[in-house]
Amino acid sequence: MTSRLDRIAQQRRQKLDRIRGRGINPYPKYHRGHTTQQAIALLKQQEASDAAETPVVNLAGRVMASRLMGKISFLDIRDGSGKIQLYFRSDLLGQDDLKLLKDIDIGDIIGVSGKLFRTKSGEPTLEVKDLTLLAKSLQPLPEKWHGLSDIDKRYRQRYLDLIANTEAKEIFHVRSQVITAIRQFLNGRGFIEVETPVLQPSAGGALARPFITHHHALDQDFYLRIAPELHLKRLIIGGFDKVYELGRIFRNEGISTKHNPEFTMLESYETYADYNDVMAMVEKMVAEISQQVLGKDEVEFGGNTINLKPPWSRLELRQAIKEYSGIDFDQYPDADSLRAEMEKKNMEVDPQKDRGRLIDELISTFVEPNLIQPTFLLDYPVEMSPLAKSKPDNERLVERFEAFAGGMEIANAFTELNDPIEQRQRFLRQQKERQTEDETVETVDEDFLLALEYGMPPTGGLGVGIDRLVMLLTGQQSIREVILFPQLKEKP
RNA sequence: GGGCCGCUAGCUCAAUUGGAAGAGCAGCUGACUCUUAAUCAGCCGGUUACAGGUUCGAGUCCUGUGCGGCUCACCA
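Quantities reported herein were computed from a predicted structural model and do not represent experimental measurements. (Residues numbered from 1 in each chain as written. Chains lettered and ligands numbered in written order. Predicted model: local features only at pLDDT ≥ 70, side-chain atom pairs only at ≥ 80, totals over all residues. Heavy atoms only, no water.)

Caption draft 1: Local environment of the pattern of salt bridges. Going through the model one piece at a time under the given rule, you end up with 37 salt bridges. Glu481 is paired through a salt bridge with Arg154; the nearest N and O atoms lie 2.7 Å apart. Note that Glu481 is positioned in the segment after α14 (466-474) and Arg154 in helix α4 (residues 151-156), a separation of 327 residues in sequence. Glu481 gets classed as buried once you look at its relative accessible area, which sits at 11%. The exposure class of Arg154 is buried, given its relative accessible area of 10%. (Salt bridge = Lys/Arg side-chain N within 4 Å of Asp/Glu carboxyl O. Helix = DSSP H or I, 4+ residues; strand = E, 2+ residues; numbered from the N terminus. Buried < 20%, exposed > 50% of the residue type's maximum accessible area, 1.4 Å probe, protein only.)

Here you go:
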């Protein structure tokens, strides 16, 4: 870039050349004996046991700080488990190691061996006898105290963010543990994990604009999945009782603090369950995960304390909208009348929107921001939910819920529609309603309908946005903070 | 895609009304045998995102472009 960066990089390259000139391989193989965390545990163990022997270990990690004091030096190294201080004494090191030490920079990866002890101030420290350079770093690290705060750089060079900002790294630890906990929870209830196609001939199971790609050998366009739903249902038809998939899905829509074009979704399907069973499972699962990963069932999010302990509030969608917007959608059976009522409330309403989308707008405008504590909204209009089964006593509503917390939708579930004739009609109706719009309309998935005709048992299905769940559990307001490499525009 | 805001040294940030582009960290040289944001002395480091414009003079004002953030739209 500028001559400045070149200068620092150049200095480091000169050091690299010097090191090579002494016959040292700056990128050798190496086996470490302990992590820094294990080493500290070992030291404590030795101290507790009164053993006279000082533990000798070899460790490896990235140099994070150096405090050179003439004949002695202190370096801090960090590995995946933590960090530890190193103590170098010129009278303990060989000539070669002393020379090498002079060419070690912050950022280098080194291996060290020696004995563990505590300094006068009580800091666990390794007194180094042997030093090995494991990887010379040619680029300067971000500032040690303030870390890296340039958001653009944090996302584009996430590795620097992870090196410089321990809080950022911790979020991804939590994310990993959340996903592990979900698997344990579901496996423990008899679910089996499956994998279904990401490349699909038609993108079904939701209505979103898909990414399109092309398979050369087949000379056929494929869509990246926008949901795994229709394939998981095929597996239910095939006789699996409980299945789930944790995977990436792709939606070619706008990017925001709550949306990334590719995100992680959990979908689960359980035969002979309905949406009430699924509701009970969701609140239990989230509370247990939080307890297991964070050791608590309350989280801080956006200035609120959110209590995840079951039971969560249950609120009929119609009542919720009535309460927060003053509109009772039951009194407006078609899009035109509902739109007119919304316009009375000074809302700017897209005349293209059908009744389902209008109701969705009422939810996101009036209801969702108010649902801070975990809440299930129940019983959605059928036109918003083409894959859900109608309520036994009301053909206009389906057995569906969405779960909200922190003003975010985190889950969506329903008693699955398993009537193939009805399902076909729903698809056709949806197709008709969307035909006027410029967006690509989902084609009727004949292959799925054929599968349904063989008979799908009554089933409860669930979708959970994993990224948003992790946002909730880690208190992050932007989805980019919980996705390691969020989508950004390429820099020219 | 619209609106608002941002972009200054490798990193974190200053720069008064438009009047000499600065500091800390990092780096380099030196001193220092228990430091831990080590300390001390000295030094190096800039096409102020990019391209134009206004002006005696632009980091600062104007126009455009790029990228980012927030937000609206979009997203059942």
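Caption draft 2: Fine view of unusual backbone geometry. In the segment running from Pro310 into Pro311, the intervening peptide bond is cis, with an omega of -5 degrees. Despite not being glycine, Asp219 shows a phi value in the positive range, around 50 degrees. Given the relative accessible area of 58%, Asp219 is considered exposed. With phi around 65 degrees, Asp379 is a residue other than glycine that occupies positive phi space. Mapped onto the fold, Asp379 is located in strand β15 (residues 375-381).

Caption draft 3: Just helix α8 (residues 275-294), in detail. Given a rise of 1.5 Å per residue, 20 residues ought to cover 28 Å, and the 28 Å separating the end C-alpha atoms of α8 matches this to within 8%. Taken together, the buried positions of α8 are Tyr275, Val278, Met279, Met281, Val282, Glu283, Met285, Val286, Ala287, Ile289, Ser290 and Val293. Between the side-chain oxygen of the N-cap and the backbone nitrogen of Asn276 there are 2.9 Å, and the N-cap of α8 in question is Asp274. Positive backbone phi, approximately 75 degrees, marks Gly295, located one or two places after α8. (Expected span 1.5 Å × (residues − 1). Polar contact = N/O pair within 3.5 Å; in protein donor to acceptor, adjacent residues only side chain to side chain.)

Caption draft 4: Broad picture of the environment of Tyr269. With respect to the helices, strands and loops of the structure, Tyr269 is situated in strand β11 (residues 262-271). Counting along the chain gives 38 residues from Tyr269 to Asn307, while the straight-line C-alpha distance between them is 26 Å. Of note is the side chain of Tyr269, whose polar atom sits 3.4 Å from the side chain of Glu229.

Caption draft 5: Region of interest: the nonpolar core. Grouped together as the largest cluster of nonpolar side chains are 46 residues, with contacts concentrated most on Val178, Ile182, Leu186, Leu266, Phe401 and Leu472. Among residues more than four places away in sequence, those in contact with Leu266 are Ile182, Leu186, Tyr244, Glu245, Leu246, Met285, Leu462, Gly463, Val464 and Ile466. Within the second largest apolar cluster, 39 residues are counted, among which are Ala335, Leu371, Ala388 and Leu449. (Core = buried A, V, L, I, M, F, W, Y, C linked by side-chain atoms within 4.5 Å. Contact = heavy atoms within 4.5 Å.)

Caption draft 6: Region of interest: the sheet that holds strand β7 (residues 199-200). Taken together, three strands build an open sheet; the order of strands is β7-β9-β8 and the sheet is antiparallel. Both outer strands of the open sheet, β7 and β8 (212-215), are each paired with one neighbouring strand and no more. As judged from the four bridges shared by β8 and strand β9 (residues 220-224), these two strands associate in the antiparallel manner. Residue pairing across strands places Thr213 opposite Phe222, the latter belonging to β9. (Pairing = 2+ DSSP bridges.)

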